[in-house]
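Spelled out, the chains give:
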Amino acid sequence: MSQKSITIPQDFILGAASSAWQTEGWSGKKEGQDSYMDIWYKNDRHVWHEGYGPAVATDLYNRYREEVALMKQAGLTHYRTSINWSRFFTDYEKGVVDEEYARYYDNFIDEMLAAGIEPMICLEHYELPAYLFENYGGWASKKVVELFVLYAEKVFERYHHKVSRWFTFNEPIVVQTRVYLDALRWPYEQNTSTWMQWNHHKNLATAKVVKLFREKGYTGSVGAILNPEVTYPRSSAPHDVKAAEMYDLFYNRVFLDPMVHGRYPQALVALLEQHGVQWDYSADELALIRDNTVDELGINLYYPHRVKAPSRAWNPQTPFHPAYYYEPFELPGRRMNKSRGWEIYPRIIYDMAMRIKNDYRNIPWFIAESGMGIENEGQFRNAEGVIQDNYRIGFISEHLYQTLLAREAGANCQGYMLWAFTDNVSPMNAFKNRYGLIEIDLQNNRARRAKKSAGWYRALRETRTLTLNIDDDWK
Ligand code: BG6
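Quick notes on the rules
- Residues numbered from 1 in each chain as written.
- Predicted model: local features only at pLDDT ≥ 70, side-chain atom pairs only at ≥ 80, totals over all residues.
- Heavy atoms only, no water.
- Pairing = 2+ DSSP bridges.
- Helix = DSSP H or I, 4+ residues; strand = E, 2+ residues; numbered from the N terminus.
- Axes fitted to C-alpha atoms, helices over the stretch in contact; angles between N-to-C directions.
- Polar contact = N/O pair within 3.5 Å; in protein donor to acceptor, adjacent residues only side chain to side chain.
- Contact = heavy atoms within 4.5 Å.
- 1 Å grid on protein atoms, 1.4 Å probe; cavity = no way out; pocket = protein on both sides within 12 Å on 5 of 7 lines; lining within 4 Å.
- Points joined across faces, edges and corners; volume = space filled by probe spheres on them.
- Nonpolar A, V, L, I, M, F, W, Y, C, P; charged D, E, K, R; others polar.
- Near = heavy atom within 4 Å.
- Sits in = over half its atoms within 2 Å of the grid points.
- Buried < 20%, exposed > 50% of the residue type's maximum accessible area, 1.4 Å probe, protein only.

Engineer: Looking at this structure, how should I read the sheet that holds strand 8 (residues 221-226)?
Structural biologist: In sheet architecture, strand pairing relies on hydrogen bonds along the backbone and comes in two forms, parallel and antiparallel. Strand order in the closed barrel formed by 8 strands is 2-3-6-7-8-10-15-16, and the pairing between neighbours is parallel. On average, adjacent strands in this sheet sit at an angle of 25 degrees to one another, irrespective of strand direction. Two elements, strand 2 (residues 13-17) and strand 3 (residues 78-82), share 2 bridges in a ladder whose sense is parallel. Paired with Ala17 across the strands is Arg80, a residue of strand 3.

So, in structure tokens, the structure goes:
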């Protein structure tokens, strides 16, 4: 073991993230204000771990003041969450703001600002209104793109003088991939064309919102939070390398390229056509995407993705799926977070940073989510009842270290945000894997209690130095 210390620049974000639907709960929610997540949960509650879902979540709606005090205690410089589109309006088509819900956000934001914590706000973190999903097919519809722009307009009008860093989507690829490509989530439909249509409309919606923001002359920036997976081929053989390139094209570049370079990769467009994937796009839409690229990116990075060339022929009876070109590969001996089943490989951050530096014009970006979900954390409680989450401190240290090294190597990386500030409800995993600096006690009315990592995080901010042990002994 050797001990290393690295300086954390003064302007470097040390924050944490969450989202509206994963925290606020249904208090005050009105009839007709369900989100896609709410109707999935209502239709299919049994697939959510022990039945926990968005209904109570962490009850943030009623406890945001207490939460902000804890953020201050944990030393956060920034906090990222979303506004819940499905609750922001009482009429999505006319854009009638739900004053009660908007007031909650007024207060929550004011509370953060008073505590010296900068809010970063995402317009959608899977909170597509159920009404739009049921009546228009969600993001398959151009009408929904227009209604999203109307929503952005109302949100900017109300909060532009308080919030300056905006994001259109969190992980825009996720819902349609789980629903329309993999059929793992309600309503379990497999349709690759619908998948691509959702991708395109979210790219288009981002461009339109960027345009709107600039035309209105607001101060600040509009970005998006993406989850490109650093994809390593099993081997250096051309067939494995091609598998990794294909994965990258379909899942990473489908958002990275239009949002940063203003165009879809030609190879992707050609492959979609070759496989009969139909998506409706026009020259005007592509021009909008070209002319309105994002100001910055948030990147969510949890684990490496490893692939190899497919070992079997494709079943022609099934719709085209990008897995036509790859198969997952599990590296023997890999380090694992066994609770979540995710490989731990901190180097992903450095590799992603160099990719953005070299291939994406070194656009400003930050780690928007990184973190470790652990089951049964109660077993790590000390005599005073505080969870001793040394594994989380180790995980953050190693990942933050790679972030800072990348910055020293010229990456335009603005900071590191932990997922998540508190334990919260995740899609299906619910409260099974705990991610927070702050524990949420489900047996005790969602009471909050700081874990050991919260104090450690605060010390990072105070000392602006990360010290960690690196396992580098030849044993
Ligand atoms: C990210 C999402 O992909 O991962 C979050 O933006 C999610 O919404 C987080 O909660 C952790 O994933 P999971 O499934 O372990 O909770």
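Engineer: Which parts of the structure should I look at to understand the side chain of Ser18?
Structural biologist: Along the chain, Ser18 falls in the loop between strand 2 and helix 1 (36-43). A polar contact of 3.2 Å, which involves the side chain of Ser18, links it to the side chain of Asn424. Apart from residues lying up to four places away in sequence, Ser18 is in contact with Thr23, Tyr79, Arg80, Thr81, Ser82, His125, Trp419 and Asn424.

Engineer: Whenever I open this one, the layout of surface pockets confuses me. Can you help?
Structural biologist: Over the atoms a probe the size of a water molecule is rolled, and this reveals where empty space is left. Estimated volume of the largest pocket: approximately 1200 Å³. Where the lining of the largest pocket is concerned, the elements lending two or more residues are helix 7 (174-181), helix 9 (238-261), strand 11 (305-308) and strand 14 (342-343). Its residues assigned to classes, the lining of the largest pocket shows 21 nonpolar, 13 polar and 11 charged. Its volume calculated, the second largest pocket comes out at about 340 Å³.

Engineer: Could you clarify how one ought to interpret the site of the ligand in this entry?
Structural biologist: Around the ligand sit 15 residues in total, of which Gln22, Glu171, Arg340, Ser426 and Tyr435 are the nearest. In the environment of the ligand, an oxygen atom lies 2.9 Å from a nitrogen or oxygen atom belonging to the side chain of His125. The side chain of Tyr302 places a nitrogen or oxygen atom 3.5 Å from an oxygen atom of the ligand. When each cavity is represented as a set of grid points, the ligand is found to reside in the largest pocket. When grouped by side-chain class, the residues that make up the shell around the ligand number 6 nonpolar, 6 polar and 3 charged.

Engineer: Help me out: how do you make sense of unusual backbone geometry in this one?
Structural biologist: Most peptide bonds adopt trans geometry, and most residues besides glycine take a negative phi value. That bond from Trp186 to Pro187 is cis: its omega, 5 degrees, falls within 30 degrees of zero. Along the chain, the position of Pro187 falls in the loop between helix 7 and helix 8 (192-216). Cis geometry marks the peptide bond from Trp419 to Ala420, where omega comes out at 5 degrees. Tracing the sequence through the fold places Ala420 in the loop between strand 16 (413-419) and strand 17 (438-441).

Engineer: What is the right way to look at the sheet that holds strand 9 (residues 231-233) in this model?
Structural biologist: Pairing is mixed across the open sheet formed by 3 strands, whose spatial order is 9-11-12. Pairing within the sheet leaves two strands with one partner each, and these edge strands are strand 9 and strand 12 (327-328). Inspection of the sheet shows strand 9 paired to strand 11 by 3 bridges, in the parallel sense. Its bridge partner being in strand 11, Tyr232 is matched across the sheet by Arg306. Taken strand by strand, helix 9 contacts strand 9 and strand 11, and its axis lies near 165 degrees from that of strand 9.

Engineer: How should I be thinking about helix 7 in this particular structure?
Structural biologist: Helical periodicity: at 3.6 residues per turn, an α-helix aligns residues three or four positions apart in one direction. A large share of helix 7 lies buried, amounting to 7 of its 8 residues. Within helix 7 the residues assigned to the buried category are Val174, Val175, Gln176, Thr177, Val179, Tyr180 and Leu181. Packed against the buried residues of helix 7 are helix 1, helix 5 (130-136), helix 8 and helix 9. Ala183 sits one or two residues past helix 7 and shows a positive phi near 50 degrees.

Shape is all these values report; function is a separate question.
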